[in-house]
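Take a look at the letters that make up each chain.
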Amino acid sequence: MTTSRRALLAWYRKRGRADLPWRQERSPYRTLVSEVMLQQTQVDRVVPKFEAFMRRFPTLRALATANAGDVLREWKGLGYNARALRLHATAVAVVRDHGGIIPRNRVALRALPGVGSYTAAAIRAFAYGLDDVPVDVNIGRLVRRLGRKAVKAIGRSGYTIASALMDLGAQICTARTPQCAACPLLRTCESGPIRTSPRRNGKARSPFKQSSRYARGRIIDLLRDLPPGKRISLLDLRRGLRAVLPQRSAAEIGRLVEGLRREGLLDVQDGDLALP
Ligand code: SF4
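Residues numbered from 1 in each chain as written. Predicted model: local features only at pLDDT ≥ 70, side-chain atom pairs only at ≥ 80, totals over all residues. Heavy atoms only, no water.

## Regarding the overall build of the protein
A count of helices and strands for the protein gives 15 helices and three strands. Counting only C-alpha atoms and orienting by the principal axes, one finds that the protein spans roughly 65 × 55 × 30 Å. Counting only residues that meet the buried cut, the protein has 45% of its 276 residues in that class. Summarising the internal contacts of the protein: among those between residues at least 6 apart in sequence, 64% fall at separations of at least 24. (Helix = DSSP H or I, 4+ residues; strand = E, 2+ residues; numbered from the N terminus. Buried < 20%, exposed > 50% of the residue type's maximum accessible area, 1.4 Å probe, protein only. Contact = heavy atoms within 4.5 Å.)

## Looking at the sheet that holds strand 3 (residues 272–274)
Spatially, 1-3-2 is the arrangement adopted by the three strands of the open sheet, whose pairing is antiparallel. In this open sheet, the two strands that pair with only one neighbour each are strand 1 (232–233) and strand 2 (267–269). Judged from the two bridges that link them, strand 1 and strand 3 form a sheet pairing that is antiparallel. Counted as the bridge partner of Ile232 is Leu273 from strand 3. (Pairing = 2+ DSSP bridges.)

## Digging into the nonpolar core
Counting 55 residues, the largest nonpolar core has Tyr29, Phe53, Ile102, Ile219, Leu223 and Leu237 as its most contacted members. Counting residues domain by domain, this core receives three or more from each of domain 1 (16–127) and domain 2 (208–274). Beyond its immediate stretch of four places on either side in the chain, Phe53 contacts Tyr29, Val33, Met37, Leu63, Val71, Glu74, Trp75 and Leu87. (Core = buried A, V, L, I, M, F, W, Y, C linked by side-chain atoms within 4.5 Å. Domains from an automatic or database assignment.)

## Remarks on the packing of helix 1 (residues 3–15) against helix 12 (residues 159–171)
The contact between helix 1 and helix 12 brings their axes to 9 Å, and the two run at 70 degrees. Considering the angle they form, helix 1 stands roughly perpendicular to helix 12. Two secondary-structure elements touch here, helix 1 through Arg5, Leu8, Leu9, Trp11, Tyr12 and Arg15 and helix 12 through Tyr159, Thr160, Ile161, Ser163, Ala164, Leu165, Asp167, Leu168 and Gln171. (Axes fitted to C-alpha atoms, helices over the stretch in contact; angles between N-to-C directions. Parallel < 35°, antiparallel > 145°, perpendicular 65-115°, else oblique.)

## Quick word on the environment of Thr65
Mapped onto the elements of the fold, Thr65 is located in helix 5 (residues 60–65). We classify Thr65 as exposed; its relative accessible area is 68%. At 2.9 Å, the side chain of Thr65 and the backbone oxygen of Arg61 are in polar contact. (Polar contact = N/O pair within 3.5 Å; in protein donor to acceptor, adjacent residues only side chain to side chain.)

## Details of the site of the ligand
Inspection of the region around the ligand gives Leu142, Arg145, Leu146, Ile172, Cys173, Cys180, Cys183, Leu186, Cys189, Gly192 and Ile194 as its neighbouring residues. Among the residues making up the shell around the ligand, the classes are represented as nine nonpolar, one polar and one charged. (Near = heavy atom within 4 Å. Nonpolar A, V, L, I, M, F, W, Y, C, P; charged D, E, K, R; others polar.)

## A look at the pattern of salt bridges
Tallied over the entire structure, the rule returns 18 salt bridges. In this structure, the salt-bridge partner of Arg224 is Asp221, at a minimum N-O distance of 2.6 Å. Of this pair, Arg224 and Asp221 both sit in helix 13 (residues 212–224), three residues apart, which is roughly one turn of that helix. Summarising the burial analysis for this pair, Arg224 and Asp221 share the class buried. We note a salt bridge from Asp267 to Arg231, for which the minimum N-O separation is 2.5 Å. With Asp267 in strand 2 and Arg231 in the loop between helix 13 and strand 1, this pair connects stretches of sequence that are 36 residues apart. A relative accessible area of 30% means that Arg231 is categorised as partly exposed. Taken together, the shared-partner salt bridges connect Arg56, Asp70, Arg73 and Glu74 into one network. (Salt bridge = Lys/Arg side-chain N within 4 Å of Asp/Glu carboxyl O.)

## Comments concerning helix 1
If you check helix 1, its first and last C-alpha atoms are 18 Å apart, about what 13 residues at 1.5 Å a residue would give, namely 18 Å. Those residues of helix 1 lying buried are Ser4, Arg5, Leu8, Leu9, Trp11 and Tyr12. Each buried residue of helix 1 sits inside an arc of 160 degrees when the element is viewed along its axis, so together they form one side. Every exposed residue of helix 1 that faces more than 90 degrees away from the buried side is listed here: Arg13 and Lys14. Structurally, helix 1 contributes buried residues whose contacts are with helix 2 (21–24), helix 11 (148–154) and helix 12. (Expected span 1.5 Å × (residues − 1). Arc of directions from axis to C-beta.)

## Describing the domain arrangement of the protein
Partitioning the protein into structural domains gives domain 1 (16–127) and domain 2 (208–274). One C-alpha centre belongs to domain 1, the other to domain 2, and the line joining them spans 26 Å. Taken together, the contacts link eight residues of domain 1 with nine residues of domain 2. For the domain 1 and domain 2 pair, buried surface summed over both sides reaches about 810 Å², with 54% attributable to carbon and sulfur atoms. When the buried area of domain 1 at its contact with domain 2 is split by residue, Arg73, Lys76 and Asn81 rank highest and sum to 50% of it. (Buried area = accessible area lost by both parts, 1.4 Å probe.)

## Things to note about the side chain of His88
Residue position: His88 is located in helix 7 (residues 82–98). At 3.5 Å, the side chain of His88 forms a polar contact with the backbone oxygen of Leu63.

Here it is as structure tokens:
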């Protein structure tokens, strides 16, 4: 074993997040769910939602046979609700085409709805321990900074190495303030130590509450809270949203509703709205 690999594994044993629920109890289904949740949501927000989701849909078959609306309800708090529908569609396809077993083959994984190259690599590495590295934004940055020689010195991937690289990219080799002095790979890294300078004033960001994503999330939240089987008119929806979206015009709400309908995130019947 090379020095780099040994140093990385030692760091992971001390500082890695082996306590995450999808790492403590591993299965292809748990990996799939956690990876979809982690795509656009931070890990600390995902943990309680993941545990609740597993209680509600403990197996892939339970998820596949569930109603899409119930999956959307359980997704509350994670945002980017289209992911819930894609995850549901993946579960349905795995039951239909693979007898309920998530495939390990890259081509078969990529053929599933909503499984891109990252998720396919994550399932192969984390669930099946295969030599694959899911390159998310953190690992991509880490690998670029390390350079080819240093990456080669780490050697074959698999569950522990992929997890260690992921944690190192998220905790140590961060975008703005990499902590090279605490990095187990400093000796072989092409870029380290990187000197960081105080952050300059950048452009002011537009507040999240003014974004379409925020407004879409509030519409789905309102529909989630309807009693089972109930629908709501567009007029009542707009009234219900006044407190949380006071600046949005009726036309804007209408456009957002139409966009959500087209994406399958809500259902319209005789002008009344509900989750699918
Ligand atoms: S030494 Fe610095 S730049 Fe290189 S991998 Fe470690 S934290 Fe990143």
